[in-house]
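The residues making up each chain are set out below.
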Amino acid sequence: MISLEPPHRLARPDDARTLAELVNIAGEGLALHVWTDMALPGQSAWEVGRNRAARDSGGFSYRNAIVRELNGEIVSCLIGYPLEHSPSPVNYDDMPAMFVPLQQLEDEVPGTWYVNVLATYPHSRGKGYGGRLLDIAEQLAREAHCSGLSVIVSDANSAARRLYERKAYSEHAQRPMVKQGWRHSGENWLLLVRYF
């Protein structure tokens with residue numbers, strides 16, 4: 001297992017509030033849109049996000065997260081995990097339409113280490129934090145004997161695309177977005193991959 005040293009550390013359940021905020025930043029508001037639909041009466045969308053981040057399992061679980069701190073405050077995070085080499089077939093009819101293109105892209109790269117979330121608070125951007133977290137992701141991928149790394153980004157997110165291109169990721173596939181009321185300037189999801 002990778003040895004993390006300050007300013008990086010494994011996330012904890014009590015980081016759930018910050019992780020939810022960073023998940024929403026990475027998804028450009030998509031997470032909050034989805035959590036609003038998931039909220040029960042009397043429950044806020046942010047509460048849904050915090051609960052999901054505090055779980056022991058699931059894609060956004062704190063157990064899949066590494067954070068970077070500055071002066072005792074989390075400024076960025078990486079959430080990711082290995083994708084199965086031989087995943088079970090997915091029935092796309094059983095999932096919300098907006099997630100189908102994302103799942104289809106993910107299904108194209110079994111055996112890679114999937115960067116689900118890479119986010120930095122706006123006031124801490126431009127300092128190389130995202131690049132350093134991607135270096136950690138590469139170490140984790142190699143330790144897990146993955147074939148490479150994968151990530152899905154919006155075609156409108158030019159800053160993220162530049163970062164991944166600098167790290168030798170290239171476009172592997174794309175799918176049209178299904179927005180279902182989510183307001184976003186992008187038109188397509190792009191699957192970027194860096195094979196070893």
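Residues numbered from 1 in each chain as written. Predicted model: local features only at pLDDT ≥ 70, side-chain atom pairs only at ≥ 80, totals over all residues. Heavy atoms only, no water.

Peer 1: When you look at the packing of helix α2 (residues 30-38) against helix α3 (residues 45-54) in this model, what are you seeing that I'm missing?
Peer 2: Between two packed helices, the angle of one axis relative to the other and the distance separating the axes together describe the packing. Orientation of α2 relative to α3, taken along the N-to-C sense of each, is 100 degrees, at an axis distance of 8 Å. Judged on the interaxial angle alone, α3 and α2 are roughly perpendicular. Together, Leu32, Trp35, Thr36 and Met38 of α2 and Ala45, Trp46, Val48, Gly49 and Arg52 of α3 make up the contact between the two elements. Of the residues belonging to the contact of α2 with α3, the class tally is six nonpolar, two polar and one charged. (Axes fitted to C-alpha atoms, helices over the stretch in contact; angles between N-to-C directions. Helix = DSSP H or I, 4+ residues; strand = E, 2+ residues; numbered from the N terminus. Parallel < 35°, antiparallel > 145°, perpendicular 65-115°, else oblique. Contact = heavy atoms within 4.5 Å. Nonpolar A, V, L, I, M, F, W, Y, C, P; charged D, E, K, R; others polar.)

Peer 1: Can you help me understand the pattern of salt bridges in this one?
Peer 2: Enumeration over the complete set of coordinates arrives at nine salt bridges. For Asp15, the salt bridge goes to Arg9, with nearest N and O atoms at 2.8 Å. Given the relative accessible area of 15%, Arg9 is considered buried. A salt bridge links Lys167 to Asp135; its shortest N-O distance comes to 2.7 Å. Residue Lys167 is found in the loop between α6 (158-166) and β6 (170-176), and its partner Asp135 is found in helix α5 (residues 129-143); the two are separated by 32 residues along the sequence. One network of salt bridges, with partners in common, ties together Arg9, Asp15 and Glu69. (Salt bridge = Lys/Arg side-chain N within 4 Å of Asp/Glu carboxyl O. Buried < 20%, exposed > 50% of the residue type's maximum accessible area, 1.4 Å probe, protein only.)

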